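# Observations on chain architecture
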Amino acid sequence: MDVLIPKKKWSFVTRWWWLGALVLAGMGAAGIYWPRPGQRLHVAASRLTISPVKRGNFQEFTAIDGVVQPLHTVYLDVAEAGTVQQVLVEEGTTLTAGQPLVRLANPDLQLEMVNRETAVYDLMNNLRNTRNQLLQNRILRQNQLADIDFQLAEAKRVFDTNQVLYDQKVIARQDYLQSQNAYRYQLRRRQLTQQTLRQDSVAMQQQLSTMQESVQRMTSNLALMRRKMDDLLLRAPVGGRLSSLAAEVGEAKTRGQRLGQIDALAGVKLHAAVDEFYIARIAAGQVGEVVVDGQAYALRVTKIFAQVAKGLQIDLAFTGAPPPGLRRGQTLPIRLALSAKAPAVLLPKGGFYQQTVGNWAFKLAADGTRAQRVAIRLGRQNPEYYEVLAGLQPGDQVVTSSYEGFADRQELVLDNH
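The following paragraphs examine the structure supplied in this document. (Residues numbered from 1 in each chain as written. Predicted model: local features only at pLDDT ≥ 70, side-chain atom pairs only at ≥ 80, totals over all residues. Heavy atoms only, no water.)

From N to C terminus, the chain includes four helices and 24 strands. What you see for the chain is a C-alpha radius of gyration of 52 Å, clearly larger than the 22 Å of a compact globule of 417 residues, by over 25%. Taking the principal axes of its C-alpha atoms as reference, the chain extends roughly 200 × 70 × 45 Å. Here the chain holds 417 residues, and 31% of them are scored as buried. (Helix = DSSP H or I, 4+ residues; strand = E, 2+ residues; numbered from the N terminus. Rg over C-alpha atoms; globule rule 2.2 N^0.38 Å. Buried < 20%, exposed > 50% of the residue type's maximum accessible area, 1.4 Å probe, protein only.)

If you want it as structure tokens, here you go:
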């Protein structure tokens, strides 16, 4: 037999429990947050760093340290080996071009100089004696030619006379032929003597030219030797300040050894090392700035060194007048620009990034008594600011100090005591 089962009815408590669950689910779906116990933390406001979000020009840059160096440096190297005989200046002296600095002594070089001078003088004497001898030989040949010319003229006169007499049948044929042969002999003799004189003249010129070239070579070598002797007195190649000098009396110096350097007084530059991470973004002409005594001075990359050692080495020059009073070796902080300036929403950098990686941050409420966790999106960064792409607006106040100890909280209550 069927039994009627009575319909169950929800109790008052059950109905409110389900209603609360539905409300919470709806609030969650709508993105409405209601803090639960344990997600809220009281924090002393003095422990936090609160920074404002603002609108400004964002520029990527890297902070590096630049060392002040002279714009031009001239190194002093030993041109000829020797022993330091005299030091004529001291470090820090302001020099003029050509001013003597150090005198060296080299006895072997001096002996070689004497030998070469003697060899040149001997060769010049030989050239003079050879020239005199050749001139005497030429005069002798010319005297022989004059004698032959006389004999030729006499033989021609006898031959011409005999020819007339022979035609008149006055003299015998034998006398006529004898005078003819004598004339031809003298004529041939004169031709051979002239040819010999020409050949002797050419040979004399060649011999004199060869000896003259030898003298010139020896003279050039002697001049080079004298310049080497002059190199024993080290002079300042340019004017400037002698920043270093390593020379003591009696000290032996080898050829090519560096004695010191001269810093030109025309200007200064900054030498810096950039992290290898930025190698692809560094180019000649890139701009930067350095702040000295509250004033900014513009810089420009003038040289990039090919070898990468302890970072990418670069030189930067001031585009205008450099700061006054800079000294060699002084270190200055440089902001080297990696991009152009562009309008952006800026958030000061802080330790919060280590826990959030830029995905969220604690933003202060309007009354400043609490800070709620909000999702954000950051873009580029430089040593001072992050570029805000979403989640924050200019005027917002954000906790930028480290979130260590409360990175898992949803809300911070700021206590002012």
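Moving on from the coordinates now.
Another aspect to go through is the environment of Ile-376. Looking at the secondary structure, you find Ile-376 in the loop between strand 20 (370-375) and strand 21 (377-381). Taking the C-alpha atoms as reference points, Ile-376 and Gln-163, separated by 213 residues in sequence, lie 138 Å from one another. Every residue in contact with Ile-376, bar those within four places of it in the chain, is listed here: Gly-358, Asn-359, Trp-360, Ala-361, Ala-390, Gly-391 and Leu-392. (Contact = heavy atoms within 4.5 Å.)

Before going further, it helps to spend a moment on unusual backbone geometry. Even without being a glycine, Asp-293 presents a positive backbone phi close to 55°. With respect to the helices, strands and loops of the structure, Asp-293 is situated in the loop between strand 14 (287-292) and strand 15 (295-308). Residue Asp-293 is classed as exposed on the basis of its relative accessible area, which comes to 80%. The backbone phi angle of Val-357 is positive, close to 55°, even though this residue is not glycine.

Looking at soluble globular proteins, one finds that nonpolar side chains tend to be buried together. Leu-347, Phe-362 and Tyr-403 are the most contacted members of the largest nonpolar core, which totals 23 residues. Of all the elements in the fold, those that place two or more residues in this core are strand 18 (342-348), strand 19 (360-364), strand 22 (385-390), strand 23 (397-399) and strand 24 (411-415). Among the elements that make up this core, the one with the highest residue count is strand 19 (four residues). In contact with Tyr-403, not counting residues within four places along its chain, are Phe-352, Gln-355, Thr-356, Trp-360, Ala-361, Phe-362 and Val-398. Judged by nonpolar contacts, the second largest core, of 21 residues, contains Met-113, Ala-247, Leu-259 and Ile-262. (Core = buried A, V, L, I, M, F, W, Y, C linked by side-chain atoms within 4.5 Å.)

Enumeration over the complete set of coordinates arrives at 13 aromatic pairs. Ring geometry for Tyr-297 and Phe-318: centres 6.5 Å apart, planes at 90°, overall edge-to-face. Of the two residues, Tyr-297 is situated in strand 15 and Phe-318 in strand 16 (residues 312-318); the sequence distance between them amounts to 21 residues. Judged by relative accessible area, which is 12%, Tyr-297 ranks as buried. Among the residues examined, Phe-318 registers a relative accessible area of 12% and is labelled buried. With 5.8 Å between their ring centres and 75° between their planes, Phe-352 and Tyr-386 make a pair best called edge-to-face. (Phe/Tyr/Trp six-rings, centres within 6.5 Å; stacked < 30°, edge-to-face > 60°.)

Taken in spatial order, the four strands of this open sheet run 3-18-22-21, and their pairing is antiparallel. The open sheet terminates on both sides in strands that have one partner only, identified here as strand 3 (54-58) and strand 21. Pairs of neighbouring strands in the sheet enclose a mean axial angle of 55°, with direction left out of account. As defined by bridge partners, strand 3 adjoins strand 18 across five bridges and the pair is classed as antiparallel. Pairing of Phe-58 across the sheet is with Ala-342, part of strand 18. (Pairing = 2+ DSSP bridges. Axes fitted to C-alpha atoms, helices over the stretch in contact; angles between N-to-C directions.)

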